Amino acid sequence: MSASTPISIVDYDEEWPLRYENLAAKLRAVLGNIVLRIEHVGSTAVRGLAAKPVVDLDVVVNSPNDVETAILKLAQFGYVHEGDLGVQGREAFRAPTGEIPHHLYVLVEGSAELERHLTFRDALRADPVLRDQYSSLKRSLAAEHAEDRAAYTDAKTAFVRAVLKRGLAVCLDRNENFDTI
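The structure contained in this document is the topic of the report that follows.

The rules we used
Residues numbered from 1 in each chain as written. Predicted model: local features only at pLDDT ≥ 70, side-chain atom pairs only at ≥ 80, totals over all residues. Heavy atoms only, no water. Salt bridge = Lys/Arg side-chain N within 4 Å of Asp/Glu carboxyl O. Helix = DSSP H or I, 4+ residues; strand = E, 2+ residues; numbered from the N terminus. Buried < 20%, exposed > 50% of the residue type's maximum accessible area, 1.4 Å probe, protein only. Contact = heavy atoms within 4.5 Å. Polar contact = N/O pair within 3.5 Å; in protein donor to acceptor, adjacent residues only side chain to side chain. Axes fitted to C-alpha atoms, helices over the stretch in contact; angles between N-to-C directions. Parallel < 35°, antiparallel > 145°, perpendicular 65-115°, else oblique. Nonpolar A, V, L, I, M, F, W, Y, C, P; charged D, E, K, R; others polar. Core = buried A, V, L, I, M, F, W, Y, C linked by side-chain atoms within 4.5 Å.

All told, the structure shown has 11 salt bridges when counted by the stated rule. Between glutamate 99 and lysine 26 there is a salt bridge; the shortest N-O distance is 3.2 Å. Residue glutamate 99 is located in the loop between β4 (91-94) and β5 (102-108), and its partner lysine 26 is located in helix α1 (residues 16-31); the two are separated by 73 residues in the primary sequence. The shortest N-O distance in the salt bridge between arginine 131 and aspartate 132 comes to 2.9 Å. Aspartate 132 gets classed as partly exposed once you look at its relative accessible area, which sits at 38%. Taken together, the salt bridges that share partners define one network made up of Arg37, Glu39, Glu109, Arg121 and Asp122.

To continue, consider unusual backbone geometry. A positive phi angle, near 50°, is found at leucine 85, a position not held by glycine. On the basis of relative accessible area, leucine 85 is assigned to the partly exposed category, the value being 42%.

A separate point is the environment of aspartate 84. Structurally, aspartate 84 can be placed in the loop between β3 (80-83) and β4. According to the relative accessible area criterion, aspartate 84 is partly exposed, its value standing at 29%. Expressed as a C-alpha distance, the spacing of aspartate 84 and valine 106, which sit 22 residues apart in the sequence, is 9.5 Å. For aspartate 84, the residues in contact, after removing those within four places along its chain, are Arg90 and Glu91. A distance of 2.8 Å separates the side chain of aspartate 84 from the backbone nitrogen of glycine 86, its partner in a polar contact.

With that settled, consider the packing of helix α3 (residues 112-126) against helix α4 (residues 128-144). The N-to-C vectors of α3 and α4 enclose an angle of 110°; their axes lie 5 Å apart at closest approach. The orientation of α3 with respect to α4, classified from their angle, is roughly perpendicular. Facing α3, whose interface residues are Phe120, Ala123, Leu124 and Ala126, α4 presents Pro128, Leu130, Arg131 and Tyr134. A breakdown of the residues in the contact of α3 with α4 according to their chemical character gives seven nonpolar, no polar and one charged.

What follows deals with the nonpolar core. One finds Leu57, Val59 and Leu74 to be the most contacted residues of the largest nonpolar core, which totals 21 residues. Every element with two or more residues in this core is listed here: α1, β1 (35-41), β2 (55-61), α2 (64-76) and β5. Per-element accounting of this core gives the leading share, six residues, to α1. Other than its neighbours up to four places away in sequence, leucine 74 contacts Leu27, Val30, Leu31, Tyr79, Phe93, Leu104 and Val106. If you look at the next biggest cluster of nonpolar residues, it comprises 11 residues, including Val46, Leu49, Phe120 and Ala123.

Turning to the environment of histidine 117, a few remarks are in order. By the secondary structure assignment, histidine 117 is in helix α3. Sequence-wise, histidine 117 and glutamate 39 are 78 residues apart; in three dimensions their C-alpha atoms are separated by 9.3 Å. Side chain to side chain, histidine 117 and aspartate 58 meet in a polar contact 2.6 Å long.

Right, dumping it as C-alpha cells:
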C-alpha cells in the first residue's frame, strides 16, 4: 500500500487472524530461534474493529544483536528494511511484492514501543465501547483525510493518547507515530 493509495476503512474481517497466523508462521521459519514471539497488533488484531485491511505484526526478539540478524534474514526473503521511520526502538519493513498486505516491525523484548502497541491493542480488546468509538473515529477521519495519510494519522493521536493515559500505558511521552494503530 503506497502513500498515494486512498485510505479505506472496512468492517472487521474474520480472515484477518488467519492472515496473521499465516504470516507469523512464515516469519518464524525465516527468522528461526531469534524470535521470542510474534504479536498481532494494530486494528486488525481487535475483533470487531473497523480497520485498513493491512495486518500489523511485531516480531519480538531478545536483543539489539537479534534485530541486526533479523534485518539480514528478512532481506533474503524480499523484505525491505525502512529503518525506524522516526519511532525509536522499532525497525520497520516493507513486505515483499505479492505478499499479503502487512506491516512488519522488529522490536526488542520490553521496549517501550512494544509495550505501547500491546497496551493499546489490549485496551481495545477489553472494552467494546472504546473499540466502537475508535471504529467510528477511524471511519470519520478516513472520509475527511482519504488522500492524506499524515493528517489521518495525526488526527488519531488525541484518541490514542487518551486511551494510553487511562492508566493503560507508560509510553506517552515517546515519539507518537500512530500509523499502525
